[in-house]
Amino acid sequence: MAAGTGGRDGDAPGRTGRQESSEERADRRWSDLLQEVRVAQTGSQVLFGFLLSVVFMPRFAQLEQFDRHLYIVTVVLGALATGSLAAPVSYHRLFAGRRLKPQLVEAAARLVAMGLVLLALTIGSALLLLLREAADGATAAWITGVVMVYFAVCWLLVPMIHLRRHNGGERRPPED
């Protein structure tokens, strides 16, 4: 049914948006969150797996001290990103059956947001490590900086602009 047509009995004609209970809304938001996590979690796990194998490569022993430290930071960031993106599963297990779905969704959403920040930092750190081997340090830093700015624009700035444009400046969806 089209928005604004008063789909359920008692709905005001002209009202836009979904007509759902707080439980239905929490279920929908949880389902949406899980779909988002599947994409990000797969990427973080693949990247983390590759990072773990680097230390066992013969060339690793030849890395400069800075690059070894950068590798350690990258692996730790990857572990934290993977942990943050997997955490909603643990929350769900602990909250299951306790009628706390809205609280579960809020907590899991925060963890996923943190996981995405950590994933971006992991990618940037891994990119810097790789580019330092392929190019000089200044070029590697410049390219990595541009990529990180691109992430910030795509992942934060553009969505915030659209949100302001289409939601009257509100950052959060209207409450039920």
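Above this text you will find the structure in question.
Presented here is a report on the structure given in the accompanying data block. (Residues numbered from 1 in each chain as written. Predicted model: local features only at pLDDT ≥ 70, side-chain atom pairs only at ≥ 80, totals over all residues. Heavy atoms only, no water.)

The next point concerns the packing of helix H1 (residues 22–54) against helix H2 (residues 65–95). At their nearest, the axes of H1 and H2 sit 9 Å apart, and the two run at 150° to each other. In terms of their interaxial angle, H1 and H2 are classed as roughly antiparallel. Remark: the crossing between H1 and H2 carries left-handed chirality. For the pair H1 and H2, contact is made by Trp30, Val37, Ala40, Gln41, Ser44, Gln45, Phe48, Leu51, Leu52 and Val54 and by Tyr71, Thr74, Val75, Gly78, Ala79, Thr82, Leu85, Ala86, Pro88 and His92, respectively. The class makeup of the residues in the contact of H1 with H2 is 13 nonpolar, seven polar and no charged. (Axes fitted to C-alpha atoms, helices over the stretch in contact; angles between N-to-C directions. Helix = DSSP H or I, 4+ residues; strand = E, 2+ residues; numbered from the N terminus. Parallel < 35°, antiparallel > 145°, perpendicular 65-115°, else oblique. Left-handed = near helix turned anticlockwise from the far one by under 90°. Contact = heavy atoms within 4.5 Å. Nonpolar A, V, L, I, M, F, W, Y, C, P; charged D, E, K, R; others polar.)

Tracing the chain through its elements places serine 44 in helix H1. Those residues within four positions of serine 44 in sequence are excluded, and the remaining contacts are Thr82, Leu85 and Leu119.

Throughout the structure, instances matching the rule amount to seven salt bridges. For glutamate 20, the salt bridge goes to arginine 28, with nearest N and O atoms at 2.7 Å. Here glutamate 20 falls in the buried class, since its relative accessible area comes to 19%. Look at arginine 28 and you get partly exposed, because its relative accessible area is 24%. Residue arginine 59 pairs with glutamate 133 through a salt bridge whose shortest N-O separation is 2.4 Å. With arginine 59 in the loop between H1 and H2 and glutamate 133 in helix H3 (residues 101–134), this pair connects stretches of sequence that are 74 residues apart. (Salt bridge = Lys/Arg side-chain N within 4 Å of Asp/Glu carboxyl O. Buried < 20%, exposed > 50% of the residue type's maximum accessible area, 1.4 Å probe, protein only.)

The biggest cluster of nonpolar side chains holds twelve residues, and these are Phe48, Leu51, Phe60, Leu63, Leu70, Tyr71, Val75, Ala126, Leu128, Leu129, Leu131 and Ala140. Those elements giving two or more residues to this core turn out to be H1, H2 and H3. Here the element with the most residues in this core is H3; it accounts for four residues. If sequence neighbours within four positions are ignored, phenylalanine 48 has contacts with Val75, Gly78, Ala79 and Thr82. (Core = buried A, V, L, I, M, F, W, Y, C linked by side-chain atoms within 4.5 Å.)

Here we take up the environment of methionine 114. Mapped onto the elements, methionine 114 comes out in helix H3. Through-space distance from the C-alpha of methionine 114 to that of alanine 81 is 7.6 Å; in sequence the pair is 33 residues apart.

Taking 1.5 Å per residue, 33 residues should reach 48 Å; H1 reaches 47 Å between its end C-alpha atoms and fits that length. If you follow the buried residues of H1, they end up packed against H2 and H3. (Expected span 1.5 Å × (residues − 1).)

With phi around 60°, arginine 99 is a residue other than glycine that occupies positive phi space. Mapped onto the secondary structure, arginine 99 falls in the loop between H2 and H3. The exposure class assigned to arginine 99 is exposed, which follows from its relative accessible area of 81%.

Another aspect to go through is a nonpolar patch on the surface. A contiguous nonpolar patch, built from Val149, Val153, Leu157, Val158 and Ile161 and spanning about 380 Å² of accessible area, is present on the exposed surface. Tracing the backbone shows valine 149 in helix H4 (residues 137–166). (Patch = residues over 30% accessible without salt bridge, like charges linked within 9 Å, V, L, I, M, F, W, Y side chains within 5 Å. Areas by Shrake-Rupley, 256 points an atom, 1.4 Å probe, with all protein chains shown as cover.)

Turning next to H2. Here H2 contains 31 residues, and its C-alpha end-to-end distance of 45 Å stays within 8% of the 45 Å for a straight helix at 1.5 Å per residue. A maximum bend of about 35° is found in H2 at alanine 86, where proline proline 88 lies one to four positions downstream. Glycine 97 occupies a position one or two residues after H2 and carries a positive phi of about 75°. (Bend = angle between axes of the 7 residues up to and from the residue.)

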